[in-house]
Amino acid sequence: MPELVLIDAGGTIASVPDDSGVLIGGSGAARLRDVLAAPLRDGVEERQAYAGLSEDMGFADAMQVARMMDAAASEGAAGVVVTHGTDTMEDVAFLTELFHGGAAPILFTGAQRPASLPGCDGPANLHDAVLVARDPSARGIGTAIVFGGRILPARSARKLDSSGPEAFGPHGAAIGRVDDHGVRLTAMPRRAPTFALADPEPRVEIAALGLGSSAALVDALVGDGVRGLVIEGFGRGNVPSQIVPAIERAKAAGVLVGIATHCVEGGTAPAYRSGARLAALGAVGAEDLSARKLRLLFAVALSGGRSAEEAERLVREWLAS
Ligand code: ASP
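Heads up: these notes are all about the structure in this document. (Residues numbered from 1 in each chain as written. Predicted model: local features only at pLDDT ≥ 70, side-chain atom pairs only at ≥ 80, totals over all residues. Heavy atoms only, no water.)

Some points on the pattern of salt bridges
According to the stated counting rule, one finds 18 salt bridges in the structure shown. Measuring nitrogen to oxygen at the nearest pair gives 2.8 Å for the salt bridge that ties R47 to E75. Placement of R47 in strand 2 (residues 44-50) and of E75 in the loop between helix 2 (59-74) and strand 3 (79-84) is noted, with a sequence separation of 28 residues between them. On the basis of relative accessible area, R47 is assigned to the buried category, the value being 19%. With relative accessibility at 36%, the residue E75 sits in the partly exposed group. (Salt bridge = Lys/Arg side-chain N within 4 Å of Asp/Glu carboxyl O. Helix = DSSP H or I, 4+ residues; strand = E, 2+ residues; numbered from the N terminus. Buried < 20%, exposed > 50% of the residue type's maximum accessible area, 1.4 Å probe, protein only.)

Right, here's the structure in full:
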């Protein structure tokens with residue numbers, strides 16, 4: 001039985017630039033275990049889930065990571081570290097969290113700067129993630145992102161910087177730090193009930209709104225047969241009032257509808273007229289979840305052909321827990 005499993009899922013940390021300097025992702029095994037210093041790498045077994053860039057991943061690739069995480073936890077690994085592209089790390093980490101109820105910490109990490117550049121952050125992030133995975137205080141934290149010296153729970157972590165080494169935030173959501181004095185966990189994250197491993201329903205989309213957005217996108221997605229739809233609105237989950245009838249049409253078509261906010265902190269509440277009208281129509285408020293995470297919660301709740309009503313019940317239960 002390996003002590004720790006290192007799941008290699010591609011991204012910048014495993015990438016090489018092409019002749020023009022463009023990062024094109026890795027191809028074979030990344031051999032990231034070799035990057036770890038000698039005592040830290042003992043007992044670490046590296047397994048490959050995916051080799052490319054994370055913007056190209058789909059549900060099948062994400063489920064490959066989730067299944068490998070599940071296998072490692074069932075084998076009795078004390079912790080799992082997943083190296084992953086940063087672009088969709090928050091999605092795959094959250095998806096994993098939806099399936100993982102055990103005590104073994106699942107830690108996602110990666111890099112903003114490739115190994116070909118001085119000051120590349122991959123080795124430091126990987127070192128930190130392995131330290132957290134080995135730390136007894138991290139048992140029970142669920143799935144987290146360890147990046148730039150911070151430990152952020154999968155539920156709240158978002159990529160907030162596209163190129164700097166502190167890619168993930170919000171910093172106020174951090175549950176701990178890793179530095180030259182080791183791991184300091186300052187809070188235990190809230191953990192919600194888990195779902196049985198199953199392929200998510202792929203027909204769930206996000207409609208992001210801007211100033212004066214029309215109902216065209218919502219109607220087009222409903223016409224296209226989506227089973228779930230997350231609206232990314234403004235502020236507390238508000239939308240331009242002309243969108244509300246389109247949400248009513250979506251509900252009438254049997255679509256599971258949710259309302260999230262573009263804001264990084266504060267969450268949704270039916271505090272203003274449009275948000276209150278959406279709540280009255282049965283749109284599920286994302287609360288603290290980003291639109292991308294509510295979409296994944298919908299996709300998992302709708303898996304296995306579950307009805308929108310049953311999925312909505314599961315989503316509301318999950319959010320209330
Ligand atoms: N585009 C890259 C990816 O998500 C970025 C990264 O890994 O940091 O795979």
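Let's pick the thread back up.
Some details on the packing of helix 5 (residues 216-223) against helix 6 (residues 244-252)
Taken N-terminus to C-terminus, the directions of helix 5 and helix 6 make an angle of 10°; their axes are 9 Å apart at the nearest point. In terms of their interaxial angle, helix 5 and helix 6 are classed as roughly parallel. Mapping the contact onto sequence places V218, D219 and V222 in helix 5 and A246, I247, R249 and A250 in helix 6. Partitioned by chemical class, the residues of the contact of helix 5 with helix 6 number five nonpolar, no polar and two charged. (Axes fitted to C-alpha atoms, helices over the stretch in contact; angles between N-to-C directions. Parallel < 35°, antiparallel > 145°, perpendicular 65-115°, else oblique. Contact = heavy atoms within 4.5 Å. Nonpolar A, V, L, I, M, F, W, Y, C, P; charged D, E, K, R; others polar.)

As for the packing of helix 6 against helix 7 (residues 273-281)
Put simply, helix 6 and helix 7 touch, their axes get as near as 10 Å, and they point 10° apart. Judged by the inter-axis angle, helix 6 sits roughly parallel to helix 7. Here helix 6 runs over helix 7; the crossing is right-handed. Two secondary-structure elements touch here, helix 6 through V244, I247, E248 and K251 and helix 7 through R277, L278 and L281. A breakdown of the residues in the contact of helix 6 with helix 7 according to their chemical character gives four nonpolar, no polar and three charged. (Left-handed = near helix turned anticlockwise from the far one by under 90°.)

Some remarks on the site of the ligand
Every residue near the ligand is listed here: G11, T12, L53, S54, E55, G85, T86, D87, A111 and Q112. A distance of 2.9 Å is found between a nitrogen atom of the ligand and a side-chain nitrogen or oxygen belonging to D87. The contact in question runs from an oxygen atom of the ligand to an N or O atom on the backbone of A111, over 2.9 Å. For the ligand, the protein covers 90% of the area, taking 260 Å² as the surface of the free molecule. Each residue belonging to the shell around the ligand can be placed in one class, and the counts come to two nonpolar, six polar and two charged. (Near = heavy atom within 4 Å. Polar contact = N/O pair within 3.5 Å; in protein donor to acceptor, adjacent residues only side chain to side chain. Areas by Shrake-Rupley, 256 points an atom, 1.4 Å probe, with all protein chains shown as cover.)

Regarding the environment of A276
Relative to the helices and strands, A276 resides in helix 7. For A276, a relative accessible area of 34% translates into the label partly exposed. Linking A276 and S303, residues 27 residues apart in sequence, is a C-alpha distance of 28 Å.

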